[in-house]
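One-letter residues, chain by chain:
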Amino acid sequence: MEIGVKKTVFTPKAIIHQKFGNKACYTVEEVKEESAQNGCPGLAIPQKGPSLFRCRLELPEFTVVSDICRKKKDSEQSAAHLALKRLGNNPADENPSEKDPCDALIDRIKYIFTDEFLSSLHPLSGHLRAALQRKGGLYGLIPASVIAACDTKTSNLCKLLNTEVESKPFLALSSIMRAIPRLAGSVVTSKGQLSIQKQNPYPTEIIESSDIQQSGSPENILVKAIQIPASLDETIQPLTLDISSSGYYLDVIAQKLGVTDASKVLLSRTIGKASSETRLYFAASESLVMELLSDHANVKDFHVEGLLNARANYFCGQEIYGDAIMASVGYTWRSKELFHEDVSLQSYYRMLLSKIPSGNYKLSREAILAAELPSVFTTKTNWRGSFPREILCTFCRQHQLSEPIFSITSIPLKASCKLPRSQKKLKVTEAAELATEYTNGGSLNAGGESVGLESSFRCTVKVFSKGQDLIIECSPREIYKKQTDAIQSASLKVLSWLNACFKDLGMPLEKLNCSADALNISLSSENFLKEFALCQSLHNVQQSRCQGSKLPESKSTNMEYTLSGQDVCLPNIEGSYSGVCPSNGSLLSISYSVSLVTEGGHTKELIESKDEFEFEIGNGTVVSTLEGVVTQMSVGQCAHFNMNLPPQEFILAAVDDPARILSLLSSEVCCLEYDVTLLRVTEPPEERMEQALFSPPLSKQRVEYAVQHIKKSSATTLVDFGCGSGSLLDSLLDYPTSLQKIVGADLSKKSLSRAAKILHTKLSTKSDTGIKSAILYDGSITEFDPRLCGFDIGTCLEVIEHMEEEQACLFGDIALSYFRPKVLIVSTPNYEYNVILQGSSPTTQEDDPEEKSQSQSCKFRNHDHKFEWTREQFNHWASDLAKRHHYSVEFSGVGGSGDVEPGFASQIAVFKQESLLDENDLPTQENSSEHCKVIWEWKRDDRSVPSSTRN
Ligand SMILES: C[S@@+](CC[C@H](N)C(=O)[O-])C[C@H]1O[C@@H](n2cnc3c(N)ncnc32)[C@H](O)[C@@H]1O
Ligand SMILES: [Mg+2]
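Analysis parameters
Residues numbered from 1 in each chain as written. Chains lettered and ligands numbered in written order. Predicted model: local features only at pLDDT ≥ 70, side-chain atom pairs only at ≥ 80, totals over all residues. Heavy atoms only, no water. Pairing = 2+ DSSP bridges. Helix = DSSP H or I, 4+ residues; strand = E, 2+ residues; numbered from the N terminus. Near = heavy atom within 4 Å. Polar contact = N/O pair within 3.5 Å; in protein donor to acceptor, adjacent residues only side chain to side chain. Areas by Shrake-Rupley, 256 points an atom, 1.4 Å probe, with all protein chains shown as cover. Nonpolar A, V, L, I, M, F, W, Y, C, P; charged D, E, K, R; others polar. Expected span 1.5 Å × (residues − 1). Buried < 20%, exposed > 50% of the residue type's maximum accessible area, 1.4 Å probe, protein only. Contact = heavy atoms within 4.5 Å. Salt bridge = Lys/Arg side-chain N within 4 Å of Asp/Glu carboxyl O. Donors = N, O, S within 2.8 Å, 3.2 Å for Na, K, Ca; no water.

This next bit is on the sheet that holds strand S5 (residues 142–143). Pairing in this open sheet of 3 strands is antiparallel, and the strands run S5-S7-S6 from one edge to the other. Each having just a single partner strand, S5 and strand S6 (187–189) make up the two edges of the open sheet. For S6 and strand S7 (residues 195–198), the ladder comprises 3 bridges, and the chain directions are antiparallel. Bridged to Val188 within S7 is Gln197.

The structure is reproduced here in structure tokens:
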């Protein structure tokens, strides 16, 4: 299965976005539809049918409403498609290949100079109207470079005529100028200039119509832009374009570039976001103008004078010569007015940063000096900022590569061999949703949802150049329970490797290949070096470290130490220890500020701060020094520490006024000062911890434990108290047992629905189980129901801690006095084991009571737990219970060992009926009503019988 397209085909929504940007407003509404049962006959819980959607798209001039679609995004595309039709964008029209491109180009230029086109909302018509404001000999003249750059159809035709136009857009001018003689009667050129003009003037009534007249506010428009000198030794400078509202903005740019008028200004493609108007402008030298005007047969002979502007070239992937101006100004599809936006020095550095994977991630989190591209993808829920796949796609776009291709292989779990050994020792944070051979259908995943029944996934990512040469192929061996995890993890591998390359762009080839190998990446080094040749001169991150990057003397006392390769002072931690500490996999919330301080602390400039910043600890989601410091903190404490300067582009991208900071950096010895407060710690989900630390996972071990007892007792009937999503009942069906009837009871309808679907699928496809009937009840297990009585075996796994303590005791009494299964297996977490799971010291429950409530709630394995018992507490409860109801009890557990401190991870009590009580000795249950509701029932003979017929 391949995801991603090799050839970029724009969707209707993408085209609308290009034309209207955020002026296009989509509203999707759900069209409700109740449906039949979701493939699970007999399920008595109303299931929401497949949702249907309708989308309303509002554009500045009109609104359309889509057809009804099954997916939200399809309804948006449908609306966009309708809007494009309304805009007269005939898709067939977009495909010029049927006609001879030369003829098509002539027709297109002819059309551009029609009266009709002048009043349209096309970006190019803005230029045509502005040209009518030009003075003297320039009146009505429009630069050929603008036609090539602002009209996609013209540009595409020029690319068909000469493929080199892609990288040297100015070559399009040659095709346009050569078409002019065939346009006699329609347009003319101005002698010796790369400009075109309509031959016969527009009729006066058109020129005077309100459509054409500009609103002409008297104020000048001031647009901030930046100058990028061709020489790498010269720094980027801000400049302001002073555009009079009635003038032509390209004349202003021409003047800044030191040429006479707009006809000598060349334009790059737009850069940045899809709807961006940011371009690079540069001047055509005299000789280039001459060459473009001459009737060259072979454009390959072109030679361009001037220095290639590496920085400008890097941003747009097109050849740019001499000094360039980067500005965001122009006419758009959105309005007839001139659009403009400031491009600041900061924008420049942010654009530079966004080209590195980690930079892109930092920007997505708006935390340039705190965030770091994580080293592993744990779970979707713990991930903050842009997802790896998204960053990889952006990276490819930014570097003018093709969209990456993701290939998914689905592996039947049975056949999937054991995981590579390295994964068995995963740290908590790395374990996310790796599939294991044990998760055979229906067990709970980290999010508590049921997982795909019989397969797991592996993903290969390929990165190609625009010319479809393979550059990188990453085929991780890990398998995942969810497709998306496989895709995200593989994407992250590629990003991590690219990131390492950007950190050390001069890496010798051998090292490059070696580091790729380690991440299951095969590399075409030739293609790689070709594509990324330019990066080296622009991100020489190591060398561009600020010169003054040395800790100020006064602070670098003998406390200085090295943490993950960075020199820092020992953090100064303030505030009292609250006992709530982060551990691997927990989510932390901090507030922080970073300032640039000069030696002796004379100057202190705040450069980045956040009131609340959340991240997962243990996998490098923040800069290593910061991660090292917060692991030493407890909630409520503050820390201050200094750090050496990161590469300069990081600092410059973070500050509003890079010019000022640059001068500070070049004149003083500086370092960064961090102030951090730890606001909150959220523990990692229980399942993830269990999955990470135990093999087989604890849940699997509990099932196996139950199976052993079933085998020993030859039980034919089983009731699972608090069955949840049916993970136990489902897993039991994979083992040969004597069971004939299985029952589950729970009070979560959502979980029961999931259980019903899973059991239905399994029971109706598996013929080798001896199960004759299965029932799911909706109701509380702390209330009596005669239908739960008298089973051979009862299980109650990881349920009691989800009730208040007295409810748990009540359940114990009801279970052993009324339900009276021959054997009852109860499991619950061993509180003492949390030290190991959470990798930190436990808080004693007898501590200061005020502290207790806060710290305890955080130290439970799961936020839904109302209590967790030590071995002693559990023993006490179970022994007392057994004694009162004529049961024996034995203690055991799974995960860890009973003989080694702190005991098993899950503690288990197995209650056995000592003797069958005489009918008369059984307590009588007044009001013994059947309070549980059958929500699903299945029988071997008649298959599924809708519950409505039997309730
Ligand atoms: C952590 S889940 C365990 C599910 C299942 N036993 C397992 O091991 O996968 C706890 C379950 O207990 C259920 N539960 C809590 N209190 C209950 C009650 N009073 N009656 C029935 N079910 C209850 C919850 O709805 C939830 O599904
Ligand atoms: Mg639990």
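If you check the shell around ligand 1, you find 15 residues, and the closest are Gly722, Ser727, Asp746, Ile781 and Leu797. The separation between an oxygen atom of ligand 1 and a polar side-chain atom of Ser727 is 3.0 Å. At 3.0 Å, a backbone N or O of Ile781 approaches a nitrogen atom of ligand 1. Across the complex, the protein chains shield 82% of the 600 Å² of accessible surface that ligand 1 would expose by itself. Across the shell around ligand 1, the residue classes tally to 6 nonpolar, 7 polar and 2 charged.

Moving on, we get to helix H2 (residues 72–86). Its 15 residues place the ends of H2 21 Å apart at the C-alpha level, agreeing with the 21 Å of an ideal helix rising 1.5 Å per residue. For H2, the set of buried residues is Ser75, Glu76, Ser78, Ala79, Ala80, Ala83 and Leu84. Buried-residue contacts for H2 involve helix H1 (12–20), strand S2 (25–31), strand S3 (52–58) and strand S4 (63–65).

For the rest of this paragraph, the subject is the pattern of salt bridges. Per the stated rule, a full pass over the model turns up 31 salt bridges. Close ionic contact of Glu478 with Lys493 constitutes a salt bridge, the shortest N to O distance being 3.6 Å. One end of the pair, Glu478, is in the loop between strand S16 (470–474) and helix H16 (483–503); the other, Lys493, is in helix H16, and 15 residues separate them in sequence. Each member of the pair, Glu478 as well as Lys493, is classed as buried. For Asp778, the salt bridge identified is with Lys749, shortest N-O distance 3.2 Å. Residue Asp778 is found in strand S27 (residues 773–778), and its partner Lys749 is found in helix H26 (residues 749–765); the two are separated by 29 residues along the sequence. The network of salt bridges with shared partners includes Asp730, Asp734, Lys762 and Lys766.

In the first shell of the magnesium ion (ligand 2), the protein supplies Glu801 (OE), His802 (NE2) and His865 (NE2), at 2.2 to 2.4 Å from the metal. We note that the donor set of the magnesium ion (ligand 2) lies within a single chain, spaced as E-H-x62-H. On the criterion of sequence distance, the pair formed by Glu801 in the loop between strand S28 (793–797) and helix H27 (805–819) and His865 in the loop between helix H29 (849–859) and helix H30 (871–884) is long-range, its members being 64 residues apart. Overall, the relative accessible area of 5% leaves His865 in the buried class.

What follows concerns the side chain of Asn313. For Asn313, the location among the structural elements is in helix H12 (residues 310–316). Assessed through its relative accessible area of 11%, Asn313 is described here as buried. If near-sequence neighbours (up to four positions away) are discounted, Asn313 is found in contact with Leu308, Gln318, Glu319, Ile320 and Leu534.

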